[in-house]
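Chain and residue survey
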Amino acid sequence: MTQPAPSLRETNVHKLASQQFDVLVLGGGINGAVSAAALAARGAKVALIDRGDFASVTSQQSSNLAWGGIKYLETYEFALVRKLCKARNRLLRAFPSSVQEIRFFTAVARGFRHGRLKLWLGALLYWAIGNFFTRRPRLLSRADIEWEEPTIETRGLQGGFEYSDAYLHDNDARFVWGFIRTALDRGCVAANYVEALGSTRSPQGWTTRARDAVTGRELAISSRLVINACGPYADEVNKRDGVSTAHRHVFSKGIHIIVEPVTPHHRVLTFFADDGRLFFVIPMQTKTCIGTTDTRVERPEVEVTPEDRRFVLENINKRLRLPRPLAEADIIAERCGVRPLVVTGNAETSRDWTQLSRKHAIETDATRGRLTIFGGKLTDCLNVGEEICEEVKRLGVPLPFERRVWYGEPAEAVRDEYFHQALLMDLDALTSANASEKLSTRLWRRYGAEALLLLEAIRRDPRQAEVIIETSEYIRCELDEAARREMVVKLEDFLRRRSKIALVVRHEEIRAAPGLLEACRILFGTAADARMAEYFGEPEAPARERQVAGRE
Ligand SMILES: Cc1cc2nc3c(=O)[nH]c(=O)nc-3n(C[C@H](O)[C@H](O)[C@H](O)COP(=O)(O)OP(=O)(O)OC[C@H]3O[C@@H](n4cnc5c(N)ncnc54)[C@H](O)[C@@H]3O)c2cc1C
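In what follows, the accompanying structure is described. On a predicted model such as this, the values are computed, not experimentally measured, just so you know.

What follows concerns the overall build of the chain. When helices and strands are counted, the chain shows 19 helices and 18 strands. Against the 2.2 N^0.38 benchmark of 24 Å for 552 residues, the chain shows a C-alpha radius of gyration of 23 Å, consistent with a compact globule. Structurally, the chain occupies a C-alpha span of about 75 × 55 × 50 Å along its principal axes. The 552 residues of the chain split such that 58% are buried. In the structure as shown, the chain presents an accessible area of about 23200 Å², 52% of it carried by carbon and sulfur atoms. For the chain, the distance from the average position of its 80 positive side-chain charges to the average position of its 74 negative side-chain charges is 4 Å.

It is worth spelling out the environment of leucine 139 at this point. Among the structural elements, leucine 139 can be located in strand 5 (residues 138-140). It is 9.0 Å that separates the C-alpha atoms of leucine 139 and tyrosine 163, two residues lying 24 residues apart in sequence. Each residue touching leucine 139, except ones within four places of it in the same chain, is listed here: Arg116, Leu117, Trp120, Asp144, Gly160 and Phe161.

What follows deals with the nonpolar core. Judged by nonpolar contacts, the single largest core of 59 residues is most densely connected at Leu491, Phe494, Leu495 and Leu523. Here this core takes seven residues from helix 4 (residues 116-129), the largest share from any one element. The contact partners of leucine 491, leaving out residues within four places of it in the chain, are Cys520, Leu523, Phe524, Arg531, Met532, Tyr535 and Phe536. Counting 52 residues, the second-largest nonpolar core is a separate cluster that includes Ala173, Ala190, Val392 and Trp406.

A few words now on the pattern of salt bridges. Overall, the coordinates contain 56 salt bridges when judged by the stated rule. A salt bridge links aspartate 274 to arginine 319, with the shortest nitrogen-to-oxygen separation between them at 2.8 Å. Highlighted residues: aspartate 274 in the loop between strand 12 (268-272) and strand 13 (278-284) and arginine 319 in helix 8 (residues 306-319), separated in sequence by 45 residues. For arginine 319, a relative accessible area of 15% translates into the label buried. Residue arginine 442 pairs with glutamate 473 through a salt bridge whose shortest N-O separation is 3.6 Å. With arginine 442 in helix 11 (residues 439-447) and glutamate 473 in the loop between helix 12 (451-460) and helix 13 (476-485), this pair connects stretches of sequence that are 31 residues apart. The exposure classification of arginine 442 matches that of glutamate 473, with both residues buried.

What follows is about the packing of aromatic side chains. Under the defined criterion, the tally for this structure stands at 21 aromatic pairs. On the basis of an interplanar angle of 45° and a centroid distance of 6.4 Å, the ring pair of tryptophan 67 and tyrosine 72 is categorised as tilted. For the pair shown, tryptophan 67 and tyrosine 72 are each scored as buried. On the numbers, 6.4 Å between centres and 80° between planes, the contact of phenylalanine 279 with phenylalanine 311 is edge-to-face. Taken together, the positions of phenylalanine 279 in strand 13 and phenylalanine 311 in helix 8 put the pair 32 residues apart, joining distant regions of the chain. Given a relative accessible area of 0%, phenylalanine 279 falls into the buried group. Through successive ring pairs, a cluster of aromatic residues spans Trp67, Tyr72, Phe104, Tyr126, Phe161, Tyr163 and Phe280.

With that settled, consider the pairing of strand 14 (residues 287-291). The buried fraction of strand 14 amounts to five of the five residues, a majority that puts the element mostly inside the structure. Going residue by residue along strand 14, you find Lys287, Cys289 and Gly291 tucked away on one face and Thr288 and Ile290 tucked away on the opposite face as well. Pairing of strand 13 with strand 14 involves five bridges; the strand directions are antiparallel. Bridge assignment links proline 283 to a residue of strand 14, and that residue is threonine 288. Taking the residues between adjacent antiparallel strands as the criterion, strand 13 and strand 14 are bridged by two residues, where glutamine 285 takes a positive phi near 50°.

In the neighbourhood of the ligand, 35 residues make up the surrounding shell, with Asp50, Thr58, Ser59, Leu65 and Gly376 lying closest. Interatomic distance of 3.1 Å between a backbone N/O atom of arginine 51 and a nitrogen atom of the ligand. Contact distances for the ligand include 2.9 Å between an oxygen atom and a backbone N or O atom of leucine 378. Starting from 1000 Å² of accessible surface for the ligand in isolation, the protein chains cover 98%. Among the secondary structure elements, those contributing two or more residues to the shell around the ligand are helix 2 (30-41), strand 8 (194-202), strand 11 (247-259) and strand 16 (333-344). Of the residues contributing to the shell around the ligand, the split by class is 13 nonpolar, 17 polar and five charged.

The omega torsion of the bond from glycine 291 to threonine 292 falls at 15°, within 30 degrees of zero and hence cis. Relative to the elements of secondary structure, threonine 292 occurs in the loop between strand 14 and strand 15 (295-297). Of note in this structure, glutamine 285 is not a glycine but carries a positive phi near 50°. Secondary-structure assignment places glutamine 285 in the loop between strand 13 and strand 14. Assessed through its relative accessible area of 27%, glutamine 285 is described here as partly exposed. The phi dihedral of aspartate 426 is positive, around 55°, even though this residue is not glycine.

On to the packing of helix 13 against helix 17 (residues 516-524). It is the contact of helix 13 with helix 17, at a shortest axis distance of 8 Å, that shows an interaxial angle of 35°. The crossing of helix 13 and helix 17 is right-handed. Along the contact surface, helix 13 presents Arg476, Leu479, Asp480, Ala482 and Ala483, while helix 17 presents Glu518, Ala519, Ile522 and Leu523.

About the cut-offs
- Residues numbered from 1 in each chain as written.
- Predicted model: local features only at pLDDT ≥ 70, side-chain atom pairs only at ≥ 80, totals over all residues.
- Heavy atoms only, no water.
- Helix = DSSP H or I, 4+ residues; strand = E, 2+ residues; numbered from the N terminus.
- Rg over C-alpha atoms; globule rule 2.2 N^0.38 Å.
- Buried < 20%, exposed > 50% of the residue type's maximum accessible area, 1.4 Å probe, protein only.
- Areas by Shrake-Rupley, 256 points an atom, 1.4 Å probe, with all protein chains shown as cover.
- Lys, Arg positive; Asp, Glu negative; His and termini not counted.
- Charge placed at Lys NZ, Arg CZ, Asp CG, Glu CD.
- Contact = heavy atoms within 4.5 Å.
- Core = buried A, V, L, I, M, F, W, Y, C linked by side-chain atoms within 4.5 Å.
- Salt bridge = Lys/Arg side-chain N within 4 Å of Asp/Glu carboxyl O.
- Phe/Tyr/Trp six-rings, centres within 6.5 Å; stacked < 30°, edge-to-face > 60°.
- Pairing = 2+ DSSP bridges.
- Near = heavy atom within 4 Å.
- Polar contact = N/O pair within 3.5 Å; in protein donor to acceptor, adjacent residues only side chain to side chain.
- Nonpolar A, V, L, I, M, F, W, Y, C, P; charged D, E, K, R; others polar.
- Axes fitted to C-alpha atoms, helices over the stretch in contact; angles between N-to-C directions.
- Left-handed = near helix turned anticlockwise from the far one by under 90°.

Structure below.
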């Protein structure tokens, strides 16, 4: 009998142990993903491991905004705002279908620390700092708000203003996956569920001991340099490896809740919460995502507490005019994570806690060939990738294609051909009734040039365009794609990160969806039942099935 072909992940785990790399990246959140994508495209031999799934820590918990940091104008951080605005503009230009401009409709209460005119002037300044790249800000009277967004409670408002920033149409974790996939396409050897246990330095370079969480096997990975991109765990990983740094992290917890849509308009509603911080109501597919909070915590492992939920619900209920107030039972899903904020040495952080800057810092130990990425934002990810390339080159790793552009959607000609083919086969007629957008648009945004192959699959077998998990928009050929190319190890990887089904469909509804088992069979073959049981916290399936689990 012929052996089944190894999965992409199995092949990569094997390569991790058998090859010598220029750079090993620890951590597959946004900072690790862009580092790997940039270095691989420019010709370095790169490996990347994450102890969980890619983007399964901070990078799946953000507000999904690519924003220039308007609030940092209040602390006069003009250089940071300029940098973030430019970073946002670059993302808008490079990823026109997945990073999109969106209006922020901002309501200001009477007695707020700034008047609406001053805030509007701030918005104009913000627009100018961002090179007038987005649509012009607008001043809003109370009557304008009443007329244009009747869902906002206008009692006690002095008026407001509207300005533009950008948001990630799919979600943060899918955005990160895009960089991992690009890195893989350019020869990076990446694997999820491989944990770094410790790295040691010898004159030949670094040896990192790692454990494959799927098989339990240990392996050793050799590299000239190590980049620590472990986000909130970066300090712990450095300490364990005997690396001391001038920077360190402190943590700020933030939560979001997802509910049925509170407004029919495609815009972000912005308020100042009771604690004075910006508070957003953000569209998420056909639902609404509300948050966030900013609470100092000591550890990265956090969960939504009853107080967090109460804070968000109370704040939103005060500011919206809903048929009935939102209650806990209305929450479809929750998100919760810590922002790893960078500080230097023993800097005092208890004062002005929420004012701590969201800058990133890359610290390099040139003698030992070790880099650590501290802090940062998804918005700034292209800068992180560029800066990492500079540092790695400075440490003597040749980057033969150093001018190569390593990010962005496929060329216009590919896009044009895709949409032409989609039109010729009348693809959009297959869009499911409850879909939030045309099928052609969604496939292009999620798969880029690979979407041409999905068209081919649908032409070959029209059933490939059928929605499998009812209440979601995902069609059969997308599951094939995920199984083949997206390194899905657990059901959560697919439901929460490659797609956002787990964010917009209630847990019980996913469980009850008749198509779920078929979806799992496509993703996991004979381990389908085991993966479902694992996700829903049900009794373990037989051991024989578990062994096949790693096969995507
Ligand atoms: C509530 C909230 C809202 C936010 N909103 C925004 C926003 O709207 N816009 C924006 O630009 N930014 C936002 N941010 C900030 C942004 O999300 C983070 O700065 C960014 O995701 C950090 O990415 P990272 O790669 O550094 O860390 P992570 O995403 O945490 O990645 C680190 C990875 O390292 C892995 N790892 C840890 N230890 C090991 C080990 N021993 N071996 C292997 N792997 C390991 C982890 O599994 C993890 O996947 C927000 C953050 C939060 C918490």
